[in-house]
Amino acid sequence: MKYMILSDIHGSYDDLKKAINIFEEEKMDRIILLGDLLYHGPRNPLPIGYSPKDVVELLNQYKSKIMAVRGNCDAEVDQMVLDFPIRADYLECYLDGHRFFITHGHLYNEEELPLINEGDILMYGHFHKPIAKKKNGIYIFNPSSLSLPKEGVKSFGVYENHELKIVSLEKTLIKKIIL
């Protein structure tokens, strides 16, 4: 299975539409959303193409393919318009024999580790910076931000066949790590 990992959309319909087009072109199977879906937050500028209502409509079309966690900019009212759950602070799942701890990053991150073990994957967003590395036996992965990156370009993650990649919206490989 091939997973697209999106974080920190912050209501940018234009960037989400580009990512969804790649999802379809590459025949990906599932979407993992790492939070901060609709609202841009008080510290961020309005992203280009800011349209939370259109983001809702587009994401809801993929509700059966989405796993999502809550970001610090996601509100209870957001759940009222989204047709998939976004209220969990974290999810754990097993893919290809690997344990993934999926969260937004405002509660658990590289500096505030959850209770995970050597060989596990900590996947989070929040910081808008691309990270793909192994530290103290734990894989650390952050696809950066789809709409408001702090370093580099707008990007997303891909998981397939024991490999995590960070890819720009222009489909350029930024970083990768093999599990």
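I will try to describe carefully the structure that is included in this document.

### Overview of the overall build of the protein chain
So, point 1. Of the regular secondary structure elements, the protein chain holds three helices and eleven strands.
So, point 2. Element order for the protein chain, N to C, with α for helix and β for strand: β-α-β-α-β-α-β-β-β-β-β-β-β-β.
So, point 3. Its C-alpha atoms give the protein chain a radius of gyration of 15 Å, within 12% of the compact-globule value 16 Å for 179 residues.
So, point 4. Here the C-alpha coordinates of the protein chain stretch approximately 40 × 30 × 30 Å along the principal axes.
So, point 5. Relative to its 179 residues, the protein chain shows a buried fraction of 54%.
So, point 6. Within the protein chain, residue pairs in contact and separated by at least 24 positions form 53% of the contacts whose partners lie at least 6 positions apart.

### Description of the pattern of salt bridges
When charged atoms on two side chains of opposite charge get close, those side chains can pair.
So, point 1. Considering all chains together, one arrives at twelve salt bridges under this definition.
So, point 2. A salt bridge links K133 to E110, with the shortest nitrogen-to-oxygen separation between them at 2.7 Å. Of this pair, K133 sits in strand β7 (residues 130-135) while E110 is found in the loop between β5 (98-103) and β6 (121-123), placing the two residues 23 residues apart along the sequence.
So, point 3. Residue E110 is classed as buried on the basis of its relative accessible area, which comes to 15%.
So, point 4. Through salt bridges with shared partners, one network takes in E110, E111, K133 and K135.

### Looking at the sheet that holds strand β3 (residues 66-68)
So, point 1. Pairing in this open sheet of six strands is mixed, and the strands run β3-β2-β1-β9-β10-β11 from one edge to the other. A strand with exactly one partner marks an edge of an open sheet, and here the two such strands are β3 and β11 (173-178). Within this sheet the neighbouring strands show an average axis-to-axis angle of 20°, counted without direction.

### Details of helix α1 (residues 13-25)
So, point 1. Here α1 contains 13 residues, and its C-alpha end-to-end distance of 18 Å stays within 8% of the 18 Å for a straight helix at 1.5 Å per residue.
So, point 2. Summarising the contacts, the buried residues of α1 are in contact with β1 (3-6), β2 (30-33), α2 (52-60) and β9 (155-160).
So, point 3. Just downstream of α1, K27 is the residue with a positive phi angle, here 50°.

Thresholds, definitions, all that
- Residues numbered from 1 in each chain as written.
- Predicted model: local features only at pLDDT ≥ 70, side-chain atom pairs only at ≥ 80, totals over all residues.
- Heavy atoms only, no water.
- Helix = DSSP H or I, 4+ residues; strand = E, 2+ residues; numbered from the N terminus.
- Rg over C-alpha atoms; globule rule 2.2 N^0.38 Å.
- Buried < 20%, exposed > 50% of the residue type's maximum accessible area, 1.4 Å probe, protein only.
- Contact = heavy atoms within 4.5 Å.
- Salt bridge = Lys/Arg side-chain N within 4 Å of Asp/Glu carboxyl O.
- Pairing = 2+ DSSP bridges.
- Axes fitted to C-alpha atoms, helices over the stretch in contact; angles between N-to-C directions.
- Expected span 1.5 Å × (residues − 1).

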